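Reading the structure
The lines below spell out each chain.
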Amino acid sequence: TEMEAMLNSTIAKWLEQLETKDTASKNSLEAGLKALAADGNESGVWEVVACASSSWQSNVNEIETLRTKLNTYEEREKELTASGVFSKETARIESASTGLKRKSDDISAADEEQGDDIWSEFQTMLVGKGGNTG
């Protein structure tokens, strides 16, 4: 049944990781859940345990996803540091005389054409929304 499948997968893993001072109560809970699953009795106790174990499994999955992302980011940081791109704070400065930083490689042409005049951009935004420009 569906209950037995859940008991043998998610709930079993959840019970295994539970820390308790009294293993007899843990074994009693497991035996009671097996009896509920065998009878097909979806009581309140079953619902609470099912929700708790599902929530635990979701958290475990989320933590594993975050751990994988973190490892990827840490590896990327090591690669960038080793290649010299971020080895020191001055790595993006083009020349010591100007002190200007080189442009990012991923700036699009549209971003460059937009210009640096924030007031013109603001006026264009107001005119586009029917604002007063006079």
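Refer to the structure above for everything that follows.
As a starting point, this report considers the structure included with it. (Residues numbered from 1 in each chain as written. Predicted model: local features only at pLDDT ≥ 70, side-chain atom pairs only at ≥ 80, totals over all residues. Heavy atoms only, no water.)

1. Here we look at the overall build of the protein
- Of regular secondary structure, the protein possesses five helices and zero strands.
- Helices and strands appear in the protein in the N-to-C order α-α-α-α-α.
- Within the span of the protein, comprising 134 residues, buried residues form 12% of the whole.
- Of all intrachain contacts in the protein linking residues separated by at least 6 positions in sequence, the fraction that spans at least 24 positions is 47%. (Helix = DSSP H or I, 4+ residues; strand = E, 2+ residues; numbered from the N terminus. Buried < 20%, exposed > 50% of the residue type's maximum accessible area, 1.4 Å probe, protein only. Contact = heavy atoms within 4.5 Å.)

2. As for helix α1 (residues 2-17)
- Compared with the 22 Å implied by 1.5 Å per residue over 16 residues, the 22 Å span of α1 between its first and last C-alpha is a close match.
- Of all the positions in α1, only M3, L7, T10, I11, W14 and L15 are classed as buried.
- Structurally, α1 contributes buried residues whose contacts are with α2 (23-39) and α3 (44-83). (Expected span 1.5 Å × (residues − 1).)

3. Notes on the pattern of salt bridges
- In the structure shown here, the tally under the stated rule is four salt bridges.
- Ionic pairing is found between K78 and E75, a salt bridge with its closest N-O pair at 3.9 Å. Pair noted here: K78 and E75 are both in helix α3, with a separation of three residues, about one helical turn.
- Its relative accessible area of 53% is what places K78 among the exposed residues.
- The shortest N-O distance in the salt bridge between R76 and E79 comes to 3.8 Å. Highlighted residues: R76 and E79, both in helix α3, separated by three residues, approximately one helical turn.
- By relative accessible area, which is 46% here, R76 ends up partly exposed. (Salt bridge = Lys/Arg side-chain N within 4 Å of Asp/Glu carboxyl O.)

4. Considerations on the nonpolar core
- Within the largest apolar cluster, eleven residues are counted, these being M3, L7, I11, W14, L15, L33, L36, A37, W46, V49 and A50.
- Elements represented by at least two residues in this core include exactly α1, α2 and α3.
- Broken down by element, the residue count for this core peaks at five residues, all from α1.
- In contact with L33, other than residues within four places in its own chain, are L7, I11, L15, W46 and V49. (Core = buried A, V, L, I, M, F, W, Y, C linked by side-chain atoms within 4.5 Å.)

5. Some remarks on the packing of α1 against α3
- The N-to-C vectors of α1 and α3 enclose an angle of 65°; their axes lie 9 Å apart at closest approach. Considering how the two elements wind past one another, α1 and α3 form a crossing that is left-handed. For the pair α1 and α3, the contacting residues are M3, M6, L7, T10, I11, K13, W14 and Q17 in the first and W46, V49, A50, A52, S53, S54, W56 and Q57 in the second.
- Taken together, the residues of the contact of α1 with α3 break down into ten nonpolar, five polar and one charged. (Axes fitted to C-alpha atoms, helices over the stretch in contact; angles between N-to-C directions. Left-handed = near helix turned anticlockwise from the far one by under 90°. Nonpolar A, V, L, I, M, F, W, Y, C, P; charged D, E, K, R; others polar.)

6. Here we look at the side chain of Q57
- Here Q57 shows up in helix α3.
- Assessed through its relative accessible area of 18%, Q57 is described here as buried.
- The residues touching Q57, leaving out its near neighbours within four places in the chain, are T10 and K13.

7. Here's the deal with the side chain of S53
- Within the secondary structure layout, S53 lies in helix α3.
- Using a relative accessible area of 0% as the deciding quantity, one classes S53 as buried.
- In this structure, S53 is in contact with M6, T10, I11 and W14, ignoring residues within four places of it in sequence.

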